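Structure at a glance
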Amino acid sequence: MTTAAPRSTAATTPPAGAVGTAHTRVEGVEKVTGAARYAGEIPFAGLAHGWLAVSTVARGRIRSIDADAVLAMPGVLAVLHHGNAPRLETDYVGMLGVRPDPTCAVFQHDQVPSMGWPVALVVAETSEQAREAAESLVVDYERLPHDIDFHSGRPDAEGLDGHMPAVTGKGDLEAELAASAAVLDAEYTTPEEHHSMMEPHAATARWDGGRLEVFDSNQGATWVVGELARMFSLEPSSVRVRSEHVGGGFGSKGVRAHQVAAVMAATVLRRPVRVVMTRRQMFSLAGYRSPTAQRVRLGADADGRLRALEHRSLSLTSTVHDFVEPGAGHARVMYDADAHHTANQVVRLDMPTPTWMRAPGEAPGSFALESALDELAVKCGLDPIELRLRNEPERGPVSGLPFSSRNLAACFREGARRFGWAGRDPRPGVRRDGRWLLGTGTAAASFGAGAGPSTAVLTAEADGTFTVRIAAADIGTGARTALTLVAADALGVTTDRVRVRIGDSDFGPAMIAGGSMGTRSWAWAVNTAAAELRERLALGADIPPEGITVRSDTTAAIGALAQKERHSYGAQFAEVAVDVTTGEVRVRRMLGIFAAGRIVNPLTARNQLVGGMVWGISMALHEEAVRDRATGGHYGADLAGYHVATNADVRNVEADWIEDHDPDDPVGIKGIGEIGIVGAAAAVANAVWHATGARHRDLPIRPDRVLRAAAKAPHA
């Protein structure tokens, strides 16, 4: 498959070098032929297999575990549980600035805080023996009442700082609302959602001499080393983590119960042990996106300028660990108002701890705020794009910092031209195609463009090639390929002379693949190393048989970067067809135009952006994890019961970009892994309103909800 350069006249012109030109993945042949090895496929001599046994109660205490009966079963080697497992250190703050989720510190006590909590690991000679034994393990519980009731009226909701302050505010909100010509006050909800990547979580642990080696599927080898070293009271240098290929992560592949359990078992048995999560276990042990209940209040003057903006977002966390889904964060960078108030709140329930999931905060937050802007535009009698353009801020609404670059308006103008927005009849429910009502909608997107300190090792080999070593993680984004192009341009050579090796903690500390910061962070380190190596080679240094190697560290350079609001931006457009007699919603076409800095590889970049937009369709119309209040567990914790968008749901989805340059940024790259999903669900929901006249404030927009709303809509 190949793709052309961006077709828009506003698109960035590819430079003469490798960066900016379409390249197929350097590991593509390995993946399509099956030669690429994933964490659960790497062979080891003497490999034993562990199978997690998880709780069948939502809250309680373990009275007893009948391990003896299981130990007598064929092939069973050990049963680890809270009564015999190695003790772990958990009183520390990890790489990401938070304490470890106790779900990862397995088998340390007899308490059960949620359904699916790990209670034991059964280790056997084969995975089949381990599974049979784990499913035969009898655990006696003292059951306690549980609470999984999430809703906006919870009196125990509280503000909680996450990776941003819980509350921000300026101005007199009530006074500005009272003085506004148009006011909106609405609540929006999003359900519990799951990462559901193709490759399940898997890890193999073994001791090689006095060194612990872990082969797993992760989003950052440095991250996993740090957590395991602290938990097991080891020196970081005595832990090596490798992750050759990763079949998707989306925020969930950090340190999880399976890695810790594998290390425990390998330590006890002194042989390699592999633990792989089942798909059902991933719904309990791999994190998820919390449901949200968001209240948005907007007030605008007669010209559509915002006088008041309030965005309050409620999410849930577990009773044993704090995690915040910061839905209100989207408003803090998108729109300003004289009175501007935001709050992220949580309620603690007897459920597993949520975690980062593609565009955490921005994805659900943009659905609420961008839907609210659409509703306000109707009240103001303004085009939805025009309302947004009239409210473009000059500085960060909360931070007060200048924007490094903010090309959202250009995204809307280019997108409107490409989508044919000018010919849109703003009246809802007037366009038809046979049995289908047609509508179009739009929404804005934003995601932070950060960078984390990283090191890279670059070697000029005696044969004239170059080897890059960096502990990056390619979670399906094409990072290997992007770094190959970056290195080739930085060295001034062709791509066939560059080999990139990633996913090994021995290469030195590096930023995780998360927060849309991976490629930007790693490219910065590679560029820095290449500059030094080129300088040494320019001095006429002879290359010895072992090559010439340099190491870079970007910690100081990133720390010296000027404080600004740095973000990628985008404008999302959707056209839907709705059959109000069946409740069907079909997305006929989507267009996303993005301002995302320097595009390294148009082929994989477009794949990432389109993938995010498809996930936005999935979020808008399909994804919803439902729990049984009686048990605290899921209905249909699998990919049959948890619906995601598939090929039949996706027709014409197009992503493109405009020029977006930050003169102060030495790298010029902004992350694109998450910006594609932001605003996409709102664009679809806004299009459904335009088609039917019925406003949907609760996701997903299921057929039953369409039917109920259509019956009440004035244009039904």
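Everything quoted here is computed from the prediction, not taken from an experiment.

1. Concerning the sheet that holds strand S27 (residues 652-657)
Spatially, the five strands line up as an open sheet ordered S17-S18-S23-S24-S27, and their pairing is mixed. Each end of this open sheet is capped by a strand with a single partner; those strands are strand S17 (431-433) and S27. The sheet shows a mean angle of 30 degrees between the axes of neighbouring strands, direction not considered. Pairing analysis gives six bridges linking strand S24 (residues 584-595) to S27, with the strands arranged parallel.

2. Observations regarding the pattern of salt bridges
All told, the structure shown has 57 salt bridges when counted by the stated rule. Salt-bridge contacts for Glu 414 lead to Arg 418; the nearest nitrogen and oxygen are separated by 3.8 Å. Placement of the pair is Glu 414 and Arg 418 together in helix H11 (residues 408-419), with a separation of four residues, close to one helical turn. Residue Glu 414 is classed as buried on the basis of its relative accessible area, which comes to 8%. As a salt-bridge pair, Glu 654 and Arg 418 come within 2.8 Å of each other at their nearest N and O atoms. Here Glu 654 is found in strand S27, whereas its partner Arg 418 is found in helix H11, with 236 residues between them in sequence. On the basis of relative accessible area, Glu 654 is assigned to the partly exposed category, the value being 23%. For Arg 418, a relative accessible area of 23% translates into the label partly exposed.

3. Some points on the sheet that holds strand S2 (residues 60-65)
Read across the sheet, three strands follow the order S4-S2-S6 without closing on themselves; strand pairing throughout is antiparallel. Each end of this open sheet is capped by a strand with a single partner; those strands are strand S4 (111-112) and strand S6 (139-143). Sheet topology note: the S2/S6 ladder contains five bridges and is antiparallel. The partner of Arg 61 across the bridge, within S6, is Glu 142.

4. Quick look at helix H6 (residues 257-269)
For H6, which comprises 13 residues, the first-to-last C-alpha distance of 18 Å matches the rise-based estimate of 18 Å (1.5 Å per residue) to within 8%. The element H6 is largely enclosed, with a buried count of ten among its 13 residues. Among the residues trailing H6, Arg 270 stands out with phi positive, at a value near 55 degrees.

5. Details of the packing of aromatic side chains
Summed over all chains, the structure comprises eight aromatic pairs. Between the aromatic rings of Tyr 188 and Phe 367, the centroid separation amounts to 6.0 Å while the plane-to-plane angle is 90 degrees, which identifies the pairing as edge-to-face. A residue pair is termed long-range when its members are at least 10 positions apart, and Tyr 188 in strand S9 (residues 182-190) and Phe 367 in helix H9 (residues 362-380) qualify at 179 residues. With a relative accessible area of 0%, Tyr 188 lands in the buried category. Judged by its relative accessible area of 0%, Phe 367 is buried. The residue whose ring lies beneath Arg 406 is Phe 403, and the NZ or CZ to ring-centre distance is 4.9 Å. Across from the ring centre of Phe 419, 3.8 Å away, lies the NZ or CZ of Arg 589, which sits over that ring.

6. Quick word on the nonpolar core
Formed by 83 residues in total, the largest nonpolar core has its most connected members in Leu 298, Phe 573, Val 576, Met 590 and Val 684. If near-sequence neighbours (up to four positions away) are discounted, Val 576 is found in contact with Leu 437, Leu 438, Gly 439, Val 585, Arg 586, Val 587, Arg 588, Val 684, Ala 687, Val 688 and Ala 691. Judged by nonpolar contacts, the second largest core, of 47 residues, contains Ala 18, Ala 487, Ile 502 and Met 511.

7. Here's the deal with the packing of helix H15 (residues 602-621) against helix H16 (residues 680-692)
Closest axis-to-axis distance for the H15/H16 pair is 7 Å, and the angle between their directions is 55 degrees. Judged by the inter-axis angle, H15 sits oblique to H16. When you trace H15 past H16, the crossing you get is right-handed. In this structure, H15 uses Met 613, Gly 616, Met 619, Ala 620 and Leu 621 to contact H16, whose residues at the interface are Ala 680, Ala 681 and Val 684.

8. Comments concerning the confidence of the model for the protein
Scored by pLDDT, the protein has a mean of 95; 97% of the residues are at 70 or more. Every residue in residues 1-15 scores below 50 in pLDDT, and together they form 35 contacts with partners more than four places removed in sequence or on other chains.

9. Here we look at unusual backbone geometry
That bond from Leu 699 to Pro 700 is cis: its omega, -5 degrees, falls within 30 degrees of zero. Structurally, Pro 700 is set in the loop between H16 and helix H17 (703-712). Residue Ser 516 is not a glycine yet carries a positive backbone phi of 55 degrees. Note that Ser 516 resides in the loop between strand S21 (498-501) and helix H13 (518-538).

10. Focus: H17
Taken as a whole, H17 has its buried residues at Arg 705, Val 706, Ala 709 and Ala 710. Down the axis of H17, the sector holding all buried residues measures 130 degrees, keeping them to one side. Opposite the buried face of H17, by more than 90 degrees, sit the exposed residues Ala 711 and Lys 712. Against the buried residues of H17 lie strand S23 (567-579) and S24.

11. Structural notes on the side chain of Thr 440
Along the polypeptide, Thr 440 turns up in strand S18 (residues 436-448). Polar contacts involving the side chain of Thr 440 include one to the side chain of Arg 424, which spans 2.9 Å.

12. Side note on the side chain of Arg 627
Along the chain, Arg 627 turns up in strand S25 (residues 626-627). Taking the relative accessible area as the measure of exposure, Arg 627 reaches 13% and is therefore buried. For Arg 627, the side chain forms a polar contact with the side chain of Glu 192, separated by 2.8 Å. Side chain to side chain, Arg 627 and His 634 meet in a polar contact 3.3 Å long.

13. With respect to the environment of Arg 520
Along the chain, Arg 520 turns up in helix H13. According to the relative accessible area criterion, Arg 520 is buried, its value standing at 2%. When the C-alpha atoms of Arg 520 and Val 224 are compared, they prove to be 21 Å apart, with 296 residues separating the residues in sequence. Residues in contact with Arg 520, not counting those within four places in the same chain, are Ala 449, Gly 450, Ala 451, Leu 561, Arg 566, Asp 665, Val 667, Ile 669 and Lys 670. Here the side chain of Arg 520 touches Ala 449 through a polar contact of 3.2 Å, landing on its backbone oxygen.

Reading the values: the criteria
- Residues numbered from 1 in each chain as written.
- Predicted model: local features only at pLDDT ≥ 70, side-chain atom pairs only at ≥ 80, totals over all residues.
- Heavy atoms only, no water.
- Pairing = 2+ DSSP bridges.
- Helix = DSSP H or I, 4+ residues; strand = E, 2+ residues; numbered from the N terminus.
- Axes fitted to C-alpha atoms, helices over the stretch in contact; angles between N-to-C directions.
- Salt bridge = Lys/Arg side-chain N within 4 Å of Asp/Glu carboxyl O.
- Buried < 20%, exposed > 50% of the residue type's maximum accessible area, 1.4 Å probe, protein only.
- Expected span 1.5 Å × (residues − 1).
- Phe/Tyr/Trp six-rings, centres within 6.5 Å; stacked < 30°, edge-to-face > 60°.
- Lys NZ or Arg CZ within 6 Å of the ring centre and 35° of its normal.
- Core = buried A, V, L, I, M, F, W, Y, C linked by side-chain atoms within 4.5 Å.
- Contact = heavy atoms within 4.5 Å.
- Parallel < 35°, antiparallel > 145°, perpendicular 65-115°, else oblique.
- Left-handed = near helix turned anticlockwise from the far one by under 90°.
- pLDDT = per-residue confidence, 0-100.
- Arc of directions from axis to C-beta.
- Polar contact = N/O pair within 3.5 Å; in protein donor to acceptor, adjacent residues only side chain to side chain.

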